[in-house]
Every structure is written in C-alpha cells, then in structure tokens.
Amino acid sequence: MAQCNNGNGESRTPNEQQKLESWLPITASRKAKWWYSTFHNVTAMVGAGVLGLPYAIAQLGWIPGVLTILLSWVVTFYSLWQLVEMHEMVPGKRFDRYFELGEHVFGPKVGFWMVMPQQLTVQVASTIVYCVTGGKSLKKFFSLLSAPSADIRQTYFILVFVVLQLVLSQTPNFNTLKGVSLLAAVMSVCYSMVAFCTSIVKGVHHHPSHYGLRSHTVPGKIFDIFNALGTIAFAFAGHSVVLEIQATLPSTQETPSKKPMWRGVIVAYTIVIACYLSVAISGFWAFGNAVEDDVLISLEHPNWLIAVANFMVFIHVIGSFQVFAMPVFDTIESNLVQKWNFTPSRTLRIVARSIYVVVVGFIAICIPFFGGLLGFFGGLAFASTSYFIPCILWLAAKKPKRWSVHWIASIICSVVGILIATLAPIGGIRTIVISAKTYKMFS
C-alpha cells in the first residue's frame, strides 16, 4: 500500500486505496517486460557518476581506485539481489516502495524514518546533479560547435534542461517512461564508449607523465580519498529506485516478479561494470592526475565527436532525471491525497510536479559544483541506500545463521557502506568549499 503508515493517522478503505494505487505513478501499471528493468537500471546507474570515475582514480591512485570500483560493484550487486528477493518475501504482498520494506521489517515509525529520508535524499540529489550535468553538457556541446556560445552563461543551459523536464514530468507513470528510459540507456552506453575510445587515442598520442595522486599534501590526499569514495558510491545509486522498478513488473504464483527482475538486473550490471572500468581506466591512463571531474571536459578532439558525446550525456540525463524523479512524484502525490485530502487529478499532478522541477533546477543553478556534489551526496545517502540498508533489512528479516555466507556478506557490506557514508561527505564539502571560492552566482 502507498503511504498507509506515513504518520498522519488516517485510514482508507481497501477500495479507496486500490483507486489511489491505480493512479499513483509507481503502481498504475504492472505490464513491464524483463528487459524494461534492464534499461531502467542502466539509466539509473550509468549516468553522471561514470564520468567522474577517472577523477576518482586520480584521487585514490591506480590500484586502490580500480579495486574500490570493483569492490563497490560486488557489494552493490549483492545488496541489489537482496532487495529483489525481499520484494515479495511475504506471500500475496508486494513491497512496491523501498520505505514499505523498511516499515515491514522495523515497524511503521522506525522503518519509515530509517529508509525514507535516505531514499528521498538520493532521488532529490540525483535530480539536482543531473540538472547540473545536463546544463554543463549542453553548454559544452554548443561551445565545441560554435565558439560564440561559450560566452553564454551555464545558468541558461540549465534552464533549458529544466524546461524540458517540466514537460516530461507529466508522464503519467513509471511504466510509460520506457521509451525515454531506453533512449537514455542507449545514450549512456554510447557516450561511455566514446569516452573510452577517444581516451585511448589521446593516451597513445599524448601520454601523460604524472600518474601520482592528484593532491600533494597529506590533508589534501586524505580529503581527496574521502571525496573519491563518495564519487564511486554515487555511481552505484540505482538501489533507491529498484523496488519501484520491480513494482512495474507483473507477478504470478508461478512467475514471481523477482525472476524477470533478476534477469534484467544481471544484464544491466554486466553493462554497468563494462562501462565503468573502460571509462575509469582509459580516462586516467590518458590524462593522469590532470583529468577533470567530468572526463568529457578533458577530451577536446575531435571536436565533432566530443560534441556528440556531450549531447548524448544531455539526452541521457533527461531520462535519468525522470527515473529518479518518478518515485519522488509518487511520494508527493500520495501525501497530498492522503494527508492533505487533495483529489487525484491532472491539475494536482501538473502543479505538484512542476513545483518540484523548478525547485531542484534553482538549487542546481545555485551550486553547480559537479565533483563536490558527487562526493557529498554519494557519501551522505547513496552509500546507505545502496550498500548497507539492504543488508540490515536482510539480516533483520531473513535472520541468516551467524557465520553463514549471507550473514558474513551482509556484515562486510554494512561495514563498507557505513565507512563510506561517514567519510565521503567530508571530502565532498571540502571540494564544494574550494570550488565556491572562484564561483560567481548565476555565472
């Protein structure tokens, strides 16, 4: 049920609840195919984060950087499997939203507040970062094709992105996003391959001489490590929407939704690690510790190809924004109907979603610090929703035998996630502060 235990003390009849569920964007349609989950997950994962991975290696070093990416992939692959398995762990009931699973395991109050603030932070933060990424990529696209456009403020490009989102945000439900999400997934793979190939060509002709850590001071190295952990955590952010994606799949007793969902996840995660390692390794190899926090900014030639890649990023983040925003819309609309007694309608949807898009767009214009945002948000909430909350829920719900494989794996994943969640925001804040010193508002 949607938002039944949201603290407002109100109850709804089963018929009223069913009508609400058939209107809310997450549960309105359950006709998705298994491959829909593949490109939804690819769209959610291979986004702004992949472009920052070469920079993360520059902050960590060759071996620690690559090992951290691989470790994060293994940990989050396992925690994602846990979420998929728990979606229907109670016969006849589906946990269509992340917080509903938390409520079931830890109770209405503890479970809700354990999951919902973290999940919302991830989703809202992602939409903010995608506004920044979309604006920067569109500006780069035009600046490479036409020099005069380089004088146009980045603010205006972010505004273009926001206007497009105002239109797309009126997509009725998650399942109807499949076309946008498919295009976004294809674009993410394409620009990852462009970044990989052009980095290889660049590295062959202009091999850098500096592969040491980016910072030269002990405090700088420590803060950079913290920020890199957040950047990598940001790259594995899809867990905050995985149960919502699974909610769009049909489920029967013979074929529960976890079967097609898991099939889609395996394909998606194979694509994810291929894109991540190819971009991260080739980008750092080509530019060394001088690589930018968005590797496409470092790549300048051939102009037309890098311009196309930046436009692909722009198209991709349009879809990514919607994948992360749809659960937020679901939460907003559910609360407006259940807590504030609004009537479900198109007008309510237009006004509520438009206000949200405008607010996150304004925040993006005010603090467009890409690298710092990745580190800060990645550590603050992304690590919890992707690394350790699924494991904690699994331990509490499934109660695996102590020292069993799942018990040990869940404990290790939880420790890794808690360390990242504690340390990464420190590095992100420092990066934002340093960037702010040279930043002029609305520039």
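Procedures and definitions
- Residues numbered from 1 in each chain as written.
- Predicted model: local features only at pLDDT ≥ 70, side-chain atom pairs only at ≥ 80, totals over all residues.
- Heavy atoms only, no water.
- 1 Å grid on protein atoms, 1.4 Å probe; cavity = no way out; pocket = protein on both sides within 12 Å on 5 of 7 lines; lining within 4 Å.
- Points joined across faces, edges and corners; volume = space filled by probe spheres on them.
- Helix = DSSP H or I, 4+ residues; strand = E, 2+ residues; numbered from the N terminus.
- Expected span 1.5 Å × (residues − 1).
- Buried < 20%, exposed > 50% of the residue type's maximum accessible area, 1.4 Å probe, protein only.
- Phe/Tyr/Trp six-rings, centres within 6.5 Å; stacked < 30°, edge-to-face > 60°.
- Lys NZ or Arg CZ within 6 Å of the ring centre and 35° of its normal.
- Core = buried A, V, L, I, M, F, W, Y, C linked by side-chain atoms within 4.5 Å.
- pLDDT = per-residue confidence, 0-100.
- Contact = heavy atoms within 4.5 Å.
- Salt bridge = Lys/Arg side-chain N within 4 Å of Asp/Glu carboxyl O.
- Patch = residues over 30% accessible without salt bridge, like charges linked within 9 Å, V, L, I, M, F, W, Y side chains within 5 Å.
- Areas by Shrake-Rupley, 256 points an atom, 1.4 Å probe, with all protein chains shown as cover.
- Axes fitted to C-alpha atoms, helices over the stretch in contact; angles between N-to-C directions.
- Parallel < 35°, antiparallel > 145°, perpendicular 65-115°, else oblique.
- Left-handed = near helix turned anticlockwise from the far one by under 90°.
- Nonpolar A, V, L, I, M, F, W, Y, C, P; charged D, E, K, R; others polar.

- An unreviewed UniProt entry lists the protein under the name Amino acid transporter transmembrane domain-containing protein, from Crotalaria pallida.

**Quick notes on empty space enclosed by the protein**
Taking a probe equal in size to a water molecule and rolling it over the atoms shows the remaining empty space.
Phase 1: As enumerated under the stated definition, the model contains 1 cavity of 30 Å³ or more in all.
Phase 2: Estimated volume of the largest cavity: approximately 50 Å³.
Phase 3: Surrounding the largest cavity, Arg-97, Phe-99, Met-116, Gln-119, Leu-120, Gln-123, Glu-244, Pro-327, Asp-330 and Thr-331 form its lining.
Phase 4: Listing elements by their share of the lining of the largest cavity, those giving two or more residues are helix H7 (108-145) and helix H14 (303-338).

**Some details on helix H9 (residues 178-205)**
Phase 1: When the terminal C-alpha atoms of H9 are compared, their 41 Å separation across 28 residues agrees well with the 40 Å that a helix rising 1.5 Å per residue should span.
Phase 2: Regarding H9, the residues found buried are Ser-181, Ala-184, Ala-185, Met-187, Ser-188, Tyr-191, Ser-192, Val-194, Ala-195, Thr-198, Ser-199 and Gly-203.

**A look at the packing of aromatic side chains**
Phase 1: Under the criterion given, the structure shown has 22 aromatic pairs.
Phase 2: With centroids separated by 5.0 Å and ring planes inclined at 15°, the aromatic side chains of Phe-77 and Tyr-269 adopt a geometry described as stacked. Here Phe-77 is found in helix H5 (residues 62-86), whereas its partner Tyr-269 is found in helix H12 (residues 258-287), with 192 residues between them in sequence.
Phase 3: Between Phe-141 and Phe-142, the aromatic rings sit 5.1 Å apart at their centres with planes inclined by 75°, giving edge-to-face as the arrangement.
Phase 4: The exposure class of Phe-141 is buried, given its relative accessible area of 16%.
Phase 5: Taken together, Phe-141, Phe-142, Phe-157, Phe-161, Phe-311, Phe-314 and Phe-321 form an aromatic cluster joined through their ring pairs.
Phase 6: Lying over the aromatic face of Trp-23, Arg-349 brings its terminal NZ or CZ to 4.3 Å of the ring centre.

**Some words on the nonpolar core**
Phase 1: Grouped together as the largest cluster of nonpolar side chains are 119 residues, with contacts concentrated most on Phe-236, Tyr-276 and Tyr-387.
Phase 2: Broken down by element, this core gets its largest block of residues, 16 residues, from H14.
Phase 3: Residues Leu-20, Trp-23, Val-337 and Leu-348 belong to the second largest nonpolar core, which totals 7 residues.

**Let's talk about the confidence of the model for the protein**
Phase 1: Per-residue confidence for the protein gives a mean pLDDT of 84, with 87% of residues at or over 70.
Phase 2: The element-level mean pLDDT for the protein is lowest in helix H3 (residues 48-51), coming to 74, with helix H6 (residues 98-106) highest at 93.
Phase 3: For residues 1-9, every residue scores under 50 in pLDDT, and the model assigns this stretch 30 contacts once sequence neighbours within four places are set aside.

**Topic: the pattern of salt bridges**
When charged atoms on two side chains of opposite charge get close, those side chains can pair.
Phase 1: The full count for this structure, using the stated rule, is 8 salt bridges.
Phase 2: Two residues, Glu-21 and Arg-97, come together in a salt bridge whose shortest N-O distance is 3.5 Å. Of the two residues, Glu-21 sits in helix H1 (residues 14-21) while Arg-97 sits in the loop between H5 and H6, which places them 76 residues apart along the sequence. The same class applies to Glu-21 as to Arg-97, namely buried.
Phase 3: A salt bridge links Glu-333 to Arg-353, with the shortest nitrogen-to-oxygen separation between them at 2.6 Å. Remark: Arg-353 occurs in helix H15 (residues 346-366) and Glu-333 occurs in helix H14; sequence separation between them is 20 residues.
Phase 4: A single salt-bridge network, built from bridges that share partners, covers Glu-21, Arg-97, Glu-100 and Asp-330.

**With respect to a nonpolar patch on the surface**
Phase 1: Taken together, the side chains of Ile-350, Val-351, Ile-355 and Val-359 define a hydrophobic patch exposed on the protein surface, amounting to about 330 Å² of accessible area.
Phase 2: Looking at where Val-359 falls in the secondary structure, it is placed in helix H15.

**Here's the deal with the packing of helix H2 (residues 34-45) against helix H11 (residues 239-246)**
Phase 1: Two numbers describe how H2 lies on H11: the axes approach to 10 Å, and their chain directions differ by 160°. On the basis of the axis angle, H2 is roughly antiparallel to H11. Seen from above, H2 lies across H11 with right-handed handedness. Every residue of H11 that contacts H2 at Ser-37, His-40, Asn-41, Ala-44 and Met-45 is listed here: His-239, Val-241, Val-242 and Ile-245.
Phase 2: In terms of residue class, the contact of H2 with H11 is made up of 5 nonpolar, 4 polar and no charged.

**Quick look at the packing of H2 against H9**
Phase 1: One can describe the packing of H2 onto H9 by two numbers: an axis separation of 8 Å at closest approach and a directional angle of 55°. When the axis of H2 is compared with that of H9, the two are oblique. In the packing of H2 onto H9, the handedness of the crossing is left-handed. Between H2, through Tyr-36, Phe-39, His-40, Val-42 and Thr-43, and H9, the contact on the second element is made entirely by Lys-178, Ser-181, Leu-182, Ala-184, Ala-185 and Ser-188.

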